[in-house]
Amino acid sequence: MAIKKTANNIKKAITKKKNTKEAEKEARKPHSSKKNGMSLYSNLAYKRRVKQDQRARKKAEELAKLPKNPFLRFFARLRPDRFFKWWFSKENQLRLLKIFIAFVLILIIAIGGLFLYFKKDLSEIDPEELANRVQDTVNVYLDRNGEVLWEDKGSGDYRLVVDGGDISTYMRQATVAAEDRNFYNHIGVDFGALLRAAYMTLTGKQVQGGSTLTQQLIKQVYFSDEAQDRGLSGIPRKIKEAILAIEVEKMYDKEQIITLYLNESPYGGRRNGVESAAQTYFGKSAKDLDLAESALLAAIPNNPARFNPYNTTFNKDLISRQKYILDAMVDMGYITAEQAKEAKAVDIIAKVKPEADQYVGIKAPWFVLEVKSQLEAKYGIKTMREGGFTIKTTLDYRAQKIAEDAIAAGKAIFYKNKSDNATLVSVDVETSQVIAMVGSASWSTPGYGQVNAATSLLEPASSIKPILDYTPLFMQRDGINYAPGTILKDENIDRLYCSGNVGRCKLRNASGRFYGNTTIRQALAGSLNIPAVKALYINGIDNSLDITHKLGDVSYCANGETAGLSMAIGGGCAVRPVEHANAYASLARGGVYKDLAYVLEIKNATGDVIESWSDSEGTRVVDEQVAYMITSILSDVNSRRYTFGSLAGQAGFYSSKTWFAAKTGTTDNGASKAKDSWLLSYSPVVATAIWNGNHDGRAVSNGGHDVCFKISASYIDRIHSEVYGADGKWKSGDKIHEPSGMQHMSVNGKNDIWPSWYNKSKSSGITNTTMTFDSISKKKATDCTPAETRINVTVSKIIDPMTKKETFYAGGYDTENEDDVHSCSDAKPSASIDVRDNGNGTWTVSASVSNGRYYLQNYTISVNGTATKSGEISTSGSVSYDTSEEPKSASIRVTDTAGYSTTANWSKK
């Protein structure tokens, strides 16, 4: 039955095919004019039906070969031979061609629409004026009083615009090889490069540029302020650049465009244009640049800040890019491989002229260049390079000259500690304006003279203690309150401090000894390390860092790094001296922070003010009483003597003419050798940071502060009298006054100041007990301590917040050690006395005394119960007393230096 059915189907198909062929044959026959009843349109319709029938028949034949089950039929169609036959069929290729044409038409319409949409925003930009947009510029920097510090116009012939013939051919070729290899072939836009860059950006693989030299020129001239926007939001700018680039290519030839590009491109710092770069870096014109020099300069515009030859940190990257450009020039046929090899062998960085040559005549160079850097970061390198600005800064050139003189005085004694560098920076207390900045021992010193140590990261050593350790401690109000008179025991805490590294780690004071029960006043003034660590432990590291940053040391451990408790003594993290001075200025202001200020006013070329400084109330970080407690300690010369001895009153650390608070610091190099030293100081008007050490971190020969003290002594009185005194802002005797609310009381046997919130009975964490001491040794009495020297003292008992041990404090008495002056076997002093009647109405009282173990100290003779004579005596001997009163009784009491005493008596028989 199935065979019969199949035969019938074949028969029908043959018959249908035969009929179709006959119909086609009939259709091909010529038609007479009489048969126009079947019109041309009917013939076309008929042919269309025939083709449709053919397609239907072919489709039916294909379906007949496939399984009837839809699921099986689907997989049968995916058989490779059937799929490729369909894919490469004329019918499918025609379909794909139609889709592609439609896509291209839509893309062209879309791109055209985008160009028209963005072109309306460019109506005010005239590409014909492009050549007029490149012009010479100068920025003028002034001090606060109008003194010219620098006219920023580069060195030598500062021409931005040069003719094409005045630019080396190598320079042109290197630039094309580095930035746009297809420059001479495109119409202003390289669509292939744009599509590649768009794909990389949209897929998030990499933000990539696809700009031609022409587009880069447009960006530099017209869109410099938007140049940093490199993501999706930068696409509108890219479209505008493309539109203008195409129009520019119609108005200028390729040589004109590359000349404009080379005149306009940034080459690091203020060097805008290849002529400026050639003059500055190599002391020659752009037309005289050789191959190695051209390749180096061509590398810079890709990232002018990074590839600035004076940015020595990235010189290796600059050389790598130069070599890449030389290889690209070989690939493009501009030079031979041998020429590239010779150029790579040149020590090109050594040929770069020192940057100092560019700044001949500049005043306060470290400060001016810091201002320049800040303005470039704020307004953009391109904007500042366009120039025409007059920048009035906060610097006072009077103060600057005094600071430079002081550094010179310190430099003269570098030999004392074998150092080679120093820095000084001062911040006005009222406003936080930087008034003086000396960044190194000498600007002209090769290698590091131009490095600004005043803004560099340096470990602060003990100078961080007032900010990080004790200010947050004094802020504590809940629980135990702390103040200058609080006891923090100076003892061995290696087990807690070293976190399991005992033996390889130890915490000691500079003297190497422990001082036992010390007040915070003694600990901070004497720069003891262990109480500082305990203070940080009590505060908590995160809390202390938060206060430190808020006071102004914003760079200290600012990137999440931490050195644990060693941070308490300035280890593991670094500060910038200018920020450190500002943190101390916050203390001088009574705990109020203000942002550092470098600029008072900026005017553009037309005289319009575009920026103007105004003072603010600042942000209160700590209570005024907290700040004053720190000030009271740091200005207490007598408390410094606890560890500094006679150095406490040395010039620079103290002045009889100028009141100021001060803190030292000494950093070691990890091998127990001093690396550098600090001196921070502040008065009511100015805060100053001074640092001294070696530029490369080498150890100095000793940990003394001779150089810092010398610099301070040469600076502190002059800055006050010649600047602030001359302006009527300071007079001799001015100091920071105690705020209202401070309490003066005796705690732990010590008189000191305490904050208003301190409650002696509730918040001190102190209990009292009584202990017996020896009044001579000031130590605990023993069984051998004589009754005469025993004294009962009320002792404060404190639980140490870190070690949790009981600590006893008795205000000058040693609560830990026993009397070591007396022993039970000591020989005591002895005496005898007699009275002689002289027969003339007078009597003589005579006594003999002998010393025991200790020298005698004093004696007292009494007659008839009344002391009649006393005096000093050191060794065995005789003493006498004449009287006109008849003695009924007489006695002598003698005492030695250990407090031992004896009494001899006489009475009339």
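Structure: above.
Residues numbered from 1 in each chain as written. Predicted model: local features only at pLDDT ≥ 70, side-chain atom pairs only at ≥ 80, totals over all residues. Heavy atoms only, no water.

K.L.:
Looking at this structure, how should I read empty space enclosed by the protein?
P.N.:
Over the atoms rolls a probe the size of a water molecule, and its path tells where empty space is left. Within this structure, the stated rule accounts for two cavities of 30 Å³ or more. Of the voids in this model, the largest cavity is the one considered here, and its volume is about 40 Å³. As for the largest cavity, its lining consists of Leu524, Ala525, Ser527, Ile633, Leu634, Arg640, Phe644, Phe653, Ala662, Lys663 and Thr664. Secondary-structure elements contributing two or more residues to the lining of the largest cavity are helix H21 (520–525), helix H25 (624–634), helix H26 (637–644) and strand E10 (661–668). (1 Å grid on protein atoms, 1.4 Å probe; cavity = no way out; pocket = protein on both sides within 12 Å on 5 of 7 lines; lining within 4 Å. Points joined across faces, edges and corners; volume = space filled by probe spheres on them. Helix = DSSP H or I, 4+ residues; strand = E, 2+ residues; numbered from the N terminus.)

K.L.:
Teacher, can you tell me more about a nonpolar patch on the surface here?
P.N.:
Residues Leu94, Leu97, Phe100, Ile101, Leu105 and Ile109 make up a contiguous nonpolar surface patch of about 610 Å² in total accessible area. Mapped onto the secondary structure, Phe100 falls in helix H5 (residues 90–119). Residue classification places Phe100 among the exposed positions, given a relative accessible area of 53%. (Patch = residues over 30% accessible without salt bridge, like charges linked within 9 Å, V, L, I, M, F, W, Y side chains within 5 Å. Areas by Shrake-Rupley, 256 points an atom, 1.4 Å probe, with all protein chains shown as cover. Salt bridge = Lys/Arg side-chain N within 4 Å of Asp/Glu carboxyl O. Buried < 20%, exposed > 50% of the residue type's maximum accessible area, 1.4 Å probe, protein only.)

K.L.:
How should I be thinking about the packing of aromatic side chains in this particular structure?
P.N.:
The description of an aromatic ring pair rests on the distance of the ring centres and on the angle between the ring planes. In the structure shown here, the tally under the stated rule is 12 aromatic pairs. On the basis of an interplanar angle of 75 degrees and a centroid distance of 4.9 Å, the ring pair of Phe183 and Tyr184 is categorised as edge-to-face. The buried category is assigned to Phe183, whose relative accessible area is 0%. Ring plane angle 35 degrees and centroid distance 4.3 Å describe the contact between Trp754 and Tyr758, whose orientation is recorded as tilted. These aromatic residues form a ring-pair network of at least three members: Phe644, Phe653 and Phe709. Of note, Lys254 hangs over the ring of Phe183, and the distance from its end group to the ring centre comes to 4.6 Å. If you follow Arg513 out to its NZ or CZ, it ends over the ring of Tyr515, 3.9 Å from the centre. (Phe/Tyr/Trp six-rings, centres within 6.5 Å; stacked < 30°, edge-to-face > 60°. Lys NZ or Arg CZ within 6 Å of the ring centre and 35° of its normal.)

K.L.:
Help me understand the sheet that holds strand E4 (residues 421–428), please; the structure alone is not making it clear to me.
P.N.:
Strand pairing in a sheet relies on backbone hydrogen bonds, with the paired strands running either antiparallel or parallel. Reading across from one edge, E5-E4-E12-E11-E10 is the order of the five strands in this open sheet, with antiparallel pairing throughout. Since the sheet does not close on itself, it has two edges, and those belong to strand E5 (434–438) and E10, each with one partner. Taken pair by pair, the neighbouring strands of this sheet meet at an average axis angle of 10 degrees, ignoring direction. Sheet topology places E4 next to E5; four bridges connect them, and they run antiparallel. From the neighbouring strand, Leu424 faces E5, where its bridge partner is Val438. Its contacts with the sheet place H25 against E10 and strand E11 (674–682), and it is angled at close to 75 degrees to E10. (Pairing = 2+ DSSP bridges. Axes fitted to C-alpha atoms, helices over the stretch in contact; angles between N-to-C directions. Contact = heavy atoms within 4.5 Å.)

K.L.:
Would you mind going over unusual backbone geometry with me for this structure?
P.N.:
Where the residue is not glycine, phi is negative for most of them; where a peptide bond is considered, it is trans in most cases. The phi dihedral of Cys557 is positive, around 50 degrees, even though this residue is not glycine. Note that Cys557 resides in the loop between helix H23 (541–551) and helix H24 (577–588). Relative accessible area serves as the criterion here: at 4%, Cys557 is assigned to the buried category. The phi torsion at Lys778 lies on the positive side, around 65 degrees, for a residue other than glycine. Position of Lys778 relative to the elements: it lies in the loop between strand E15 (766–774) and strand E16 (779–780). Looking at Lys778, the relative accessible area reads 35%, which means it is partly exposed.

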